[in-house]
Amino acid sequence: MSHNLTGIKDINEDILPPEKRIQSLLLLSSKIELNTNIAARKYYRSGREMISMADVYTKENNLEQAYILYMRFMTLFLETINEHPDYKNVPIEERNLNYRALREVLPIAENIKTKLLEQYSTEYELYQERKALQEFKEKREKKLLSLEKNDAPSIQNDTQKHLNTISNNTTVPELNNTYLNNPTSFELRPSDHSDHNLINFNELDDNTLPSNSKIQFNQSTKPMLYKNTTSPYNLRQIIVPGNLTKRFLEQAQRNTFNNLETCGILAGKL
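These lines cover the structure that appears in this document, whether it is placed above or below. Keep in mind the model is a prediction, meaning the values are calculated, not measured. (Residues numbered from 1 in each chain as written. Predicted model: local features only at pLDDT ≥ 70, side-chain atom pairs only at ≥ 80, totals over all residues. Heavy atoms only, no water.)

1. A word on the overall build of the protein chain
For the protein chain, the helix and strand inventory stands at seven helices and two strands. Along the protein chain, from the amino end to the carboxyl end, the secondary structure elements read α-α-α-α-α-β-β-α-α. Expressed as a percentage of its 270 residues, the buried residues of the protein chain come to 21%. By sequence separation, contacts in the protein chain at least 24 residues apart represent 71% of the contacts at least 6 residues apart. Working note: accessible area of the protein chain is about 21000 Å², and carbon and sulfur atoms make up 51% of it. (Helix = DSSP H or I, 4+ residues; strand = E, 2+ residues; numbered from the N terminus. Buried < 20%, exposed > 50% of the residue type's maximum accessible area, 1.4 Å probe, protein only. Contact = heavy atoms within 4.5 Å. Areas by Shrake-Rupley, 256 points an atom, 1.4 Å probe, with all protein chains shown as cover.)

Right under this line is the structure:
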């Protein structure tokens, strides 16, 4: 678990309540190790520099660092400095100056503490709102995934039933007797245009075709359809398997689930 003392930087980062964050600052300010090898008067000089730096932080609105330095100053000269063996050798005038500084720092530190509590309270409320919103989104996503998993088999069953209904209701048109009696009704014949260069291949054999002769074709003539078919569109009737529609729907079923269109080509022999 990580704690952010300066604000919310990450929605996934845990934020302590305001009182806990103040306690964390106090813990940082209380970590003072007294070195007896250093003269006590140097500690007093360091104390004045500490206050000057705290004043700079206050003007820059860096309240946390200012609060830590003010509290460290008070901890040093109210609790720790008395343990220094050279404490009694510090001049009285210097001690008195330090006491006056302590009386001035105390209300400043309390004022900063009040501002920090207000700031921390606002940040903590915002953090709780964001966390609640994140938890709501996660629960909603889990619920939607659960519903999708439960509904998937039902959708597949309904689709399969629909395909079976279509397949069962699909009928192949019956072929008339004309086609059954004359399956080659779709025939080609030469056009009515006569051309002396055309050759009737039914009348040719090995004896009638000269060895050195070349067969000539008129490319302008094209085959035409007989118009004696029963189809109104002059098209030839064809026979297709009875389960053609069902098999096509089965092949296209996966694409149908994915909302994709499937096209097929019907081919055969004439």
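2. Observations regarding the packing of aromatic side chains
Counted by the stated rule, this structure contains three aromatic pairs. Relative to Tyr 127, the ring of Tyr 124 has its centre 6.1 Å away and its plane inclined at 35 degrees; by these criteria the two rings are tilted. Placement of the pair is Tyr 124 and Tyr 127 together in helix 4 (residues 92-169), with a separation of three residues, close to one helical turn. Among the aromatic residues, ring-to-ring pairing joins Tyr 44, Phe 73 and Phe 77 into one connected group. (Phe/Tyr/Trp six-rings, centres within 6.5 Å; stacked < 30°, edge-to-face > 60°.)

3. Some remarks on the pattern of salt bridges
In this structure the tally under the stated criterion is three salt bridges. Between Arg 21 and Glu 123 there is a salt bridge whose closest N-O contact spans 2.8 Å. You can see Arg 21 sitting in helix 1 (residues 18-29) and its partner Glu 123 sitting in helix 4, a full 102 residues away along the chain. Judged by relative accessible area, which is 1%, Arg 21 ranks as buried. Its relative accessible area of 14% is what places Glu 123 among the buried residues. Here Arg 48 ties to Glu 94 by a salt bridge, and the two come within 3.5 Å at their closest N and O atoms. With Arg 48 in helix 2 (residues 40-59) and Glu 94 in helix 4, this residue pair connects regions lying 46 residues apart in the sequence. One network of salt bridges, in which partners are shared, links Arg 41, Arg 48 and Glu 94. (Salt bridge = Lys/Arg side-chain N within 4 Å of Asp/Glu carboxyl O.)

4. Quick notes on the nonpolar core
Membership of the largest hydrophobic core comes to 29 residues, with the highest contact counts inside it found for Tyr 67, Phe 73 and Leu 116. When residues of this core are traced back to their parent elements, those giving at least two are helix 1, helix 2, helix 3 (63-80) and helix 4. Take this core: its biggest share by element is eleven residues, from helix 3. Other than its neighbours up to four places away in sequence, Leu 116 contacts Ile 22, Leu 25, Leu 63, Glu 64 and Tyr 67. (Core = buried A, V, L, I, M, F, W, Y, C linked by side-chain atoms within 4.5 Å.)

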